Amino acid sequence: MASTKICAFDELEPNEAVKVEIDGVPIVVVRDAAGDVFAIGDTCTHGDISLSEGFVEDDTVECWAHGSKFSLKTGKPLNLPAYEPVPVFKVALIDGDVYIDPSVIVPV
């Protein structure tokens, strides 16, 4: 599967989560305060809740329902009740645009 253009880099607000879906795969995209862009699975592994509705802090996104925080770098939960990681997808910045390939899961 090829990478899909999600948006222009400038359209992503720092520390805001944006939900996208590519070929049926729900993904949360975050631009952190340093300007790095991350893409992880959008579904909390504890409660089947959209992580894009949660809170971004530093390099984590927190599920609003039960408070599990997931690393934007590794997808791993940093606290309970979640204990399974979410997938982390490869992000490419090309000519000022953000591209994601949902078939390429970044090894952690």
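Nothing here was measured: the structure is a model prediction, and the numbers come from that model.

Chemist: I'd love a proper account of the pattern of salt bridges, names of residues and values included.
Modeler: Applying the stated criterion across every chain, the model contains 3 salt bridges. Salt-bridge contacts for Lys 5 lead to Asp 97; the nearest nitrogen and oxygen are separated by 3.5 Å. With Lys 5 in strand S1 (residues 4–8) and Asp 97 in strand S9 (residues 97–105), this residue pair connects regions lying 92 residues apart in the sequence. Under the relative-accessibility criterion, Lys 5 is labelled partly exposed at 46%.

Chemist: Kindly report on the environment of Trp 64, identifying the contributing residues and their values.
Modeler: In this structure, Trp 64 sits in the loop between strand S6 (60–62) and strand S7 (69–71). Non-local contacts of Trp 64, meaning those with residues more than four positions away in its chain, are made with Ile 49, Ser 50, Glu 53, Gly 54 and Phe 55. Reaching out from Trp 64, the side chain makes a polar contact with the side chain of Glu 53 at a distance of 3.1 Å.

Chemist: So what's going on with unusual backbone geometry? Residues and values would help.
Modeler: Between Leu 80 and Pro 81 the backbone carries a cis peptide bond, its omega angle lying at 15 degrees. Backbone geometry places Asp 23, a non-glycine residue, at a positive phi of 50 degrees. Summarising the element assignment, Asp 23 is placed in the loop between strand S2 (17–22) and strand S3 (25–31). Backbone geometry places Asp 58, a non-glycine residue, at a positive phi of 55 degrees. With respect to the helices, strands and loops of the structure, Asp 58 is situated in the loop between strand S5 (55–57) and S6. By relative accessible area, which is 59% here, Asp 58 ends up exposed.

Chemist: So what's going on with the side chain of Ser 52? Which residues, and what values?
Modeler: On the secondary structure map, Ser 52 appears in the loop between strand S4 (37–41) and S5. Once residues lying within four places of it in the same chain are set aside, the contact partners of Ser 52 are Ala 17, Val 18, Lys 19, Val 28 and Asp 42.

Chemist: Talk me through the pairing of S2; I want residue IDs and the actual numbers.
Modeler: Summarising the sheet, S2 and S3 pair through 6 bridges and their orientation is antiparallel. Across the sheet, residue Glu 21 finds its bridge partner in S3, namely Pro 26. Connecting S2 to the antiparallel partner S3 that follows it, the hairpin turn spans 2 residues, and Asp 23 within it adopts a positive phi of roughly 50 degrees.

Chemist: Describe the sheet that holds S1, with residues and values.
Modeler: Pairing is antiparallel in the open sheet, where 6 strands are placed in the order S1-S9-S8-S4-S3-S2. A strand with exactly one partner marks an edge of an open sheet, and here the two such strands are S1 and S2. Within the sheet, the average angular offset between the axes of one strand and its neighbour, ignoring direction, is 30 degrees. Bridge count between S4 and strand S8 (residues 88–94): 2 bridges; the pairing is antiparallel. What sits directly across from Ile 40, in S8, is Val 88.

Conventions used here
- Throughout, a residue's number is its position along its own chain's written sequence, starting from 1.
- Note on the predicted model: pLDDT of at least 70 is required for a residue's local features to be given, and 80 or more for side-chain atom pairs to be given and counted; whole-chain, interface and lining totals, by contrast, use all residues.
- Think of the side-chain values as coming from all heavy atoms in the structure, minus any hydrogens and water.
- The working definition used for a salt bridge is a side-chain nitrogen of Lys or Arg within 4 Å of a carboxyl oxygen of Asp or Glu.
- Starting at the N terminus, helices and strands are each numbered in turn, a helix being any DSSP run of H or I of at least four residues and a strand any DSSP run of E of at least two.
- Three exposure classes are used, based on accessible area relative to the maximum for each residue type with a 1.4 Å probe and protein chains only: buried under 20%, partly exposed in between, and exposed over 50%.
- It only takes one pair of heavy atoms within 4.5 Å for two residues to be counted as in contact.
- By the criterion applied in these results, polar contacts are pairs of N or O atoms within 3.5 Å in which, for protein atoms, one can donate a hydrogen and the other can accept it, and in which residues neighboring in sequence qualify only through two side-chain atoms.
- The rule for pairing is simple: two strands pair if DSSP sees at least two bridges between them.
- To define axes, lines are fitted to C-alpha atoms, for helices over the stretch in contact only, and angles between the resulting N-to-C directions are given on a 0 to 180 degree scale.

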